[in-house]
Amino acid sequence: MKKLIAYLFLALTATACVNDDKYDWDNDFADRSDTDTLHIAIAYNGATATVTGDASNFVSIDGANVTVRSNTNRFLLLTLSGTTQNGSLLIHSWKKLGVLLNGVNITNPIGPAINNQCSKAFYVLTATGTDNTLTDGTAYADNPFTAYGDTIDQKATLFSEGQIYFGGSGMLTVNGNAKNGIASDDYVVFESGTVSVNVAATGTNGVKVNDGFTITGGILNIDVKADGARGIKNDSFTTFNGGTTTITTSGDCKIETVDGISDTTSCAGIRCDSLFSMKAGTLTITSNGDGGKGINCSQNIEVSGGSMTVNTTDTKAVVGKPKAVKSDTGIILSGGYFYASCKKSWACDNGSDSEKASERVTIIGTPTSKSLAKRLVEVSFL
Amino acid sequence: MWYELGAEKKLSSKWNVSAEAEVRTRNNARTADRWSVGINAEYKIFKGLKASAGYTFLDYNNQEEFDLKSDGLRPNKWTPSYWAERHRFNVSLTGSATWNRLSISLRERWQYTYRPQADNKKYDFDNETWKAVKGKGKNMLRSRLQLGYDIPHWKFDPFANIEMFNDKSGIKKMRYQVGVDYKYRKKHTFALTYRFQKVNGDDDDDNDVNSQLIGLSYKYKF
């Protein structure tokens, strides 16, 4: 009897060996975004949009306004196509993701065309041979809120809370009519493809980033028209390691009065608050407005390679001084080609008050040619 | 399913000692929930009133816990199920009376359960580290009212009870039980029980939920 009971006891308990956890590290939490991709296609068609491949129901559609809420730990790649004049894409995701622009044209009259609320890496890829356009309206609706009461920022036609990597081999045109063309609360990296950013006089900056700008390849064209606008406005480092970048500004100085205190903001091709470094690639800046600058940097501007050409064309200098290349701490040339030209004020300003153009730049090494004048500085190591 | 094995020894007219082992399952008996061994000593103060004290060692298969951040999308903390020990002490006072073949008893039991700290069990997604589930002690007052009936010329004796679990915040759960004892040759007692357990609010230690439970037990009397 005792043995029978013991065996029965053991047999019954031995069956209870199933793990009842609902989550599994590898399937639910481990970062699989480098090895596994979840493909979802979104096709815009006028006032509607359709989605395919969304087995997990991440996508919701209201007219042509598409919202993605993803908690996959795979790499989420959204392939976008079609045209809408009243649509958008809003993304919430836990892990990094990308959009493949496969001939898409999105206009959102009241907000960003693409708004990525994920703070992880966001890849914006253009499919080979495609033209893609993103456009916002001249006035945004108030910032919406999540279901949990958090504000959804809307800082640009193409906005991401996280870093943006531009790649692919197609073309992307970003039109900004109310705010920035492209903005990231992190950093941006341009790797390949052709990206054109056009910001109207009703907008602000071309590319606005908090934590860094890098270009390693591709073609980047920026045209901003608003007063006080910057082609690239960057609170951190700026690095040119390749690619071809052309920036044009045409706005004048912007004068704002707050509490009786006037503040003047001049246009600039590039405004950065940290180190500016150019090692490769081609950079051409033309600043046409009153007081418009080419590069305006709080720290060193270092050119060791590539080709940089900066022109400011303002001849009046009514409010601001149209310096071509301005640094608060130093302009250091050690390689590549450097050309800075202005019609008024100084071509180069390195923070010193010297009246000698030769003391406004620091040349390291022996250039093959150099011309140092007040309104034209040309140094070549090529 | 709950499975129990017990043994009881009467030392004198006043003293009684017992030991028991128990295995509980969850997830429709597919997952082990806990196992325990315990000892108990009982003293009869006078007819109709007993006092007892006991200790139980428990090994719990703590249920998985998971929660999201305020956006409802990103994970916040995750604690996969894990086995960890607990120590439980109890003292009880039981009053009973019999009227013809009907018996009634009321047991008041205070129990204290200590859960030692369990290291590296909880994953914090913000800091990307495994953290400890902190140790904790918990007091509980259990009040059980039971009715039993001795059916003449039949070896099956039905019983029913209701038990209330109270802590400082109020009633944590209620347990309703009906069952039947089967005595075999005076030394062997088998029992089959059905329990319905109703949980009030979140039980942060056991993750108990409303459930229906079947129990099988065997007790040997020396």
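Preceding block: the structure.
### Regarding the overall build of chain B
1) Next: Along its length, chain B carries 0 helices and 15 strands.
2) Next: For chain B, the spread of C-alpha atoms along the three principal axes comes to 65 × 30 × 30 Å.
3) Next: In chain B, which comprises 222 residues, the proportion classed as buried is 9%.
4) Next: Look at the contacts in chain B between residues 6 or more apart in sequence, and 40% of them connect residues 24 or more apart.

### Observations regarding the overall build of chain A
1) Next: In terms of regular secondary structure, chain A is built from 2 helices and 33 strands.
2) Next: Of all 382 residues assigned to chain A, the portion counted as buried reaches 47%.
3) Next: The contacts of chain A with a sequence gap of at least 6 include a subset with a gap of at least 24, amounting to 66%.

### Remarks on the interface of chain B and chain A
For an interface, size is often stated in terms of accessible area lost upon the parts coming together.
1) Next: Facing 23 residues of chain B, the contacting portion of chain A comprises 22 residues.
2) Next: Mapped onto the side of chain B that touches chain A, the elements with two or more residues apiece are β1 (2-10), β2 (15-26), β3 (31-46) and β6 (75-79) of chain B.
3) Next: Ranked by the residues each element gives to the side of chain B that touches chain A, the list is headed by β2 of chain B, at 3 residues.
4) Next: Of the residues assigned to the side of chain B that touches chain A, the class counts are 12 nonpolar, 6 polar and 5 charged.

### A word on the nonpolar core
1) Next: Counting 87 residues, the largest nonpolar core has Val188, Ile295, Val325 and Cys348 of chain A as the members making the most contacts within it.
2) Next: In contact with Val325 of chain A, not counting residues within four places along its chain, are Gly294, Ile295, Ile301, Val310, Ile331, Ala340, Ala347 and Cys348 of chain A.

### Structural notes on the sheet that holds β2 of chain B
1) Next: Judged by pairing direction, the barrel is mixed, and its 11 strands sit side by side in the order β1-β2-β3-β4-β7-β8-β11-β12-β13-β14-β15 (chain B) before closing back on the first. Across the sheet, the mean angle separating the axes of adjacent strands is 20° when strand polarity is ignored.

### Focus: the sheet that holds β6 of chain B
All names here are of chain B.
1) Next: Across the sheet, which stays open at both edges, the 4 strands sit in the order β5-β6-β9-β10 with antiparallel pairing between neighbours. Looking at the sheet topology across the chains shown, the edges are occupied by β5 (65-68) and β10 (129-133). Direction aside, neighbouring strands of the sheet carry axes that sit 25° apart on average.
2) Next: In this structure, β6 lies alongside strand β9 (residues 118-124), joined through 2 bridges in antiparallel fashion. By the bridge assignment for β9, Lys77 is matched with Asp124.

### Some details on the pairing of β3 of chain B
All names here are of chain B.
1) Next: Pairing analysis gives 12 bridges linking β2 to β3, with the strands arranged antiparallel. Residue pairing in the sheet places Val23 in a bridge with Trp35 of β3.
2) Next: A loop of 4 residues connects β2 with β3, the two strands running antiparallel in sequence, and Asn27 in this loop sits at a positive phi of about 55°.
3) Next: Hairpin geometry of β3 and strand β4 (residues 49-62) is characterised by an intervening segment of 2 residues between the two adjacent antiparallel strands and by a positive phi of about 95° at Gly48.

### What about unusual backbone geometry?
Residues and elements named next belong to chain B.
1) Next: A positive phi angle, near 55°, is found at Asn120, a position not held by glycine.
2) Next: The topology assignment puts Asn120 in strand β9.
3) Next: With 11 C-beta atoms packed within 10 Å, Asn120 lands in the exposed category.
4) Next: A positive phi angle is found at Glu128, which is not glycine, with a value near 55°.

### A look at the environment of Asn86 of chain A
Residue and element names in this part refer to chain A.
1) Next: Residue position: Asn86 is located in the loop between β5 (74-84) and β6 (87-93).
2) Next: With 16 C-beta atoms counted inside 10 Å, the residue Asn86 sits in the partly exposed group.
3) Next: As for Asn86 and Ile110, which are separated by 24 residues in sequence, their C-alpha atoms are 8.6 Å apart.
4) Next: Discounting chain neighbours no more than four positions away, the residues touching Asn86 are Ala47, Gly63, Ala64, Thr107 and Pro109.

### Points about the environment of Gly95 of chain B
Residue and element names in this part refer to chain B.
1) Next: Tracing the sequence through the fold places Gly95 in strand β7 (residues 82-99).
2) Next: Considering only alpha carbons, one finds Gly95 and Ala51, 44 residues apart in sequence, at a separation of 8.9 Å.
3) Next: With near-sequence residues (within four places) excluded, Gly95 lies in contact with Gly48, Leu49, Ser105 and Leu106.

### Here we look at the environment of Ile232 of chain A
Residue and element names in this part refer to chain A.
1) Next: For Ile232, the location among the structural elements is in strand β20 (residues 230-234).
2) Next: Exposure remark for Ile232: the 27 C-beta atoms within 10 Å place this residue in the buried category.
3) Next: Measuring from C-alpha to C-alpha, the distance between Ile232 and Ile270 comes to 4.7 Å, with 38 residues separating the pair along the chain.
4) Next: Excluding its chain neighbours within four sequence positions, the residues that come into contact with Ile232 are Gly206, Val207, Phe213, Ile222, Thr238, Ile247 and Ile270.

The rules behind each value
The numbering scheme is per chain: residues are counted from 1 as the chain's sequence reads. A letter from A marks each chain and a number from 1 marks each ligand, given out in the order of writing. Only residues with pLDDT of at least 70 get local features here, since the model is predicted, and only at 80 or more are side-chain atom pairs given and counted; chain-wide, interface and lining totals rely on the full set of residues. By definition, any uninterrupted DSSP run of H or I lasting at least four residues is a helix, any uninterrupted run of E lasting at least two residues is a strand, and each is numbered from the N terminus. Counting other C-beta atoms within 10 Å of a residue's own tells you its class, since 20 or more makes it buried, 12 or fewer makes it exposed, and anything in between is partly exposed; those C-beta atoms are placed from the backbone. Think of it this way: build a C-beta for each residue from its backbone, and any pair within 7 Å is a contact. When residues are grouped by polarity, Ala, Val, Leu, Ile, Met, Phe, Trp, Tyr, Cys and Pro land in nonpolar, Asp, Glu, Lys and Arg in charged, and all others, Gly among them, in polar. In this usage, the nonpolar core is the set of buried Ala, Val, Leu, Ile, Met, Phe, Trp, Tyr and Cys residues whose C-beta atoms join them within 7 Å. Here, a strand pair is defined by DSSP locating no fewer than two bridges between the strands. Only the stretch in contact is used when a helix axis is fitted, and all axes are lines through C-alpha atoms; the angle between N-to-C directions ranges over 0 to 180 degrees.

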